[in-house]
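# Structural description and commentary
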Amino acid sequence: MSSSDIFIGETIGTAVLVLLGGGVCAAVTLKRSKAQNAGWVAITFGWGFAVLTAAYLAGGVSGAHLNPAVTIGLAIKGATPWSDVPLYLASQLLGAMIGAVLVWATYYGQFQAHLTDPAVLAAHAGDGEEGMVDPKAAPKAGPVLGVFSTGPEIRNAVQNLITEIIATVVLVLAILTEGLNDGGNGLGTLGATVTAFVVVGIGLSLGGPTGYAINPVRDLGPRIVHALLPLPNKGGSDWSYAWIPVAGPLIGGAIAGGLYNIAFK
């Protein structure tokens, strides 16, 4: 693949991933949205279909990594040249930021209604400020940060990191072992469907503790956008937690690549 293929495929693919994934979070979260309070199952399937759409879109151009953890796993497996890794990661981060901006543009009116609603502001009074009494019960996050990035239900750095590592190992190992099917020829376009259902399964089974980032740029790119956007009363971006959904998936992707080489190669 050429550098332009990688850049175009990963930027557009990751933008679509975050647009649809962040979009379902916005739909379920924001006031004046027809899907408000649709629940966790809607979010998990929304992210699954986001992966499916983005993977089909970018698969023939860049291979549709769409996730630095996947890129790292594939590089350790030997399926992606290490020299291409920086371009993959930079393109994915750019795409994630573009996708987050598009979510904001799509739900602009709902963001305004939500962030100016007295009940919402009262419920989140103090969010994003230092000195909270119980940070485990009240994470430092603004009222709409969950549309953009993940956060834990119980703030325990070790547990949160382990959760993200475990969930990402499942994702990346499932992707890497697709190549063992059909006489080593992989699953072709069916692989995107399998991966999408793996993401749904991870969300339903392992997503409860942290919101299952399992993708560093899916969390970091939109979190940066949340910090930069002119959202009224948006509160903090919870930067004290932000390293966990970056480090956890990267470690998980590396572990999955190593496990593949030991157990499956």
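Residues numbered from 1 in each chain as written. Predicted model: local features only at pLDDT ≥ 70, side-chain atom pairs only at ≥ 80, totals over all residues. Heavy atoms only, no water.

## Considering the pattern of salt bridges
Under the criterion given, the structure shown has two salt bridges. For Arg155, the salt bridge is made with Asp238, and the minimal N-O distance between the two is 3.0 Å. Of this pair, Arg155 sits in the loop between helix 7 (145-148) and helix 8 (157-176) while Asp238 sits in the loop between helix 10 (216-228) and helix 11 (244-263), placing them 83 residues apart in sequence. Of the two residues, Arg155 and Asp238, neither departs from the other in class, the shared state being buried. Residue Asp219 pairs with Arg223 through a salt bridge whose shortest N-O separation is 2.7 Å. One end of the pair, Asp219, and the other, Arg223, are both in helix 10, four residues apart, so they sit about a helical turn from each other. On the basis of relative accessible area, Arg223 is assigned to the buried category, the value being 0%. (Salt bridge = Lys/Arg side-chain N within 4 Å of Asp/Glu carboxyl O. Helix = DSSP H or I, 4+ residues; strand = E, 2+ residues; numbered from the N terminus. Buried < 20%, exposed > 50% of the residue type's maximum accessible area, 1.4 Å probe, protein only.)

## Quick notes on a nonpolar patch on the surface
A cluster of nonpolar side chains, Phe7, Ile8, Ile12, Leu57, Val61, Leu94, Ile98 and Leu102, forms an exposed patch at the surface whose accessible area comes to about 610 Å². At the level of secondary structure, the elements contributing two or more residues to the nonpolar patch comprise helix 1 (3-29), helix 2 (40-62) and helix 4 (85-106). By the secondary structure assignment, Ile8 is in helix 1. For Ile8, a relative accessible area of 44% corresponds to the partly exposed category. (Patch = residues over 30% accessible without salt bridge, like charges linked within 9 Å, V, L, I, M, F, W, Y side chains within 5 Å. Areas by Shrake-Rupley, 256 points an atom, 1.4 Å probe, with all protein chains shown as cover.)

## Some thoughts on the confidence of the model for the protein
Here the protein averages 92 in pLDDT, while 90% of its residues score no lower than 70. Below pLDDT 50 for its whole length, residues 129-139 participates in 14 contacts with residues either more than four positions away or in separate chains. (pLDDT = per-residue confidence, 0-100. Contact = heavy atoms within 4.5 Å.)

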